[in-house]
Amino acid sequence: LTLPSTVKTIHTQAFYHSSLSVVNLPEGLTTIEDSAFIMCARLTTADLPSTVTYIGESAFSECDRLTSVTIPGGVEIVRTGAFNSCDRLTSVTFEEGVKILQLQVFQDCPMLQTVRFADSITSINYFCFSNCPLLTFDRLPANLVQLGQGVFYNCTSITSVTLPEGVTDVSAGVFRGCSALETVF
């Protein structure tokens, strides 16, 4: 499906549980509302244009065949559960400008292996990456201040973490169940 360049907003549940496999999102699109693509089990590709500034709650939740996503820098806040339970998601990249990852954004993504954080991220909230057993990352964002409860709960492939100097809040259970974690600097 190719959406025309006149589309600026994709509304709540617009493609809920559809059989889309590829959607071409146009430059000029700014808003993807809550649950816009929820349960699109066949969706493999959804390249987010640089003009997107809002990704709603559960926007791409349960898109089981989605394999990678890049969050544009204009999206300051990635909303609760935006990509949770995406069974085949393997990589996530955040562009500079993203600041806050709300609750459970990538929770229960069992194939998620690689996350590239933008240094602009200041807050990673509750259970954001919980139950992502293959998750690894090179480093946390340089400007990170807060790690919410259970952010990396049951991320059993993380072996080492260096907390940036500006971190002031490390909540309960951030690394609970991280059985391979040996060092925190």
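Structure first, text after, so check above.
Residues numbered from 1 in each chain as written. Predicted model: local features only at pLDDT ≥ 70, side-chain atom pairs only at ≥ 80, totals over all residues. Heavy atoms only, no water.

Re the side chain of Ser120
For Ser120, the location among the structural elements is in the loop between strand 8 (114-116) and strand 9 (123-124). If we skip the residues at most four places from it in the chain, Ser120 touches Glu95, Glu96, Gly97, Val98, Lys99 and Asn143. (Helix = DSSP H or I, 4+ residues; strand = E, 2+ residues; numbered from the N terminus. Contact = heavy atoms within 4.5 Å.)

Regarding the pattern of salt bridges
Scanning the model with the defined rule gives one salt bridge in all. As a salt-bridge pair, Asp119 and Arg139 come within 2.5 Å of each other at their nearest N and O atoms. With Asp119 in the loop between strand 8 and strand 9 and Arg139 in the loop between strand 10 (136-137) and strand 11 (146-147), the pair connects residues that are 20 residues apart, well separated along the chain. A relative accessible area of 23% means that Asp119 is categorised as partly exposed. (Salt bridge = Lys/Arg side-chain N within 4 Å of Asp/Glu carboxyl O. Buried < 20%, exposed > 50% of the residue type's maximum accessible area, 1.4 Å probe, protein only.)

Examining the sheet that holds strand 6 (residues 91-94)
The four strands are arranged 4-6-8-10 in an open sheet whose pairing can be described as parallel. Both edges of this open sheet fall to strand 4 (68-71) and strand 10, since each of them pairs with a single strand only. In terms of strand pairing, strand 6 meets strand 8 through three bridges, oriented parallel. Within the sheet, the bridge partner assigned to Val92 lies in strand 8 and is Val115. (Pairing = 2+ DSSP bridges.)

A closer look at the packing of aromatic side chains
Here the structure, examined in full by the defined rule, presents 13 aromatic pairs. Note on Phe106 and Phe129: the rings are 5.4 Å apart at their centroids and 5° apart in plane angle, and the pair reads as stacked. Linking Phe106 in the loop between strand 7 (100-101) and strand 8 with Phe129 in the loop between strand 9 and strand 10, this pair joins segments that are 23 residues apart in sequence. Per residue, the accessibility class of Phe106 equals that of Phe129, and both read buried. Ring plane angle 75° and centroid distance 5.7 Å describe the contact between Phe117 and Phe137, whose orientation is recorded as edge-to-face. Highlighted residues: Phe117 in the loop between strand 8 and strand 9 and Phe137 in strand 10, separated in sequence by 20 residues. For the pair Phe117 and Phe137, a shared accessibility class is recorded, and that class is buried. (Phe/Tyr/Trp six-rings, centres within 6.5 Å; stacked < 30°, edge-to-face > 60°.)

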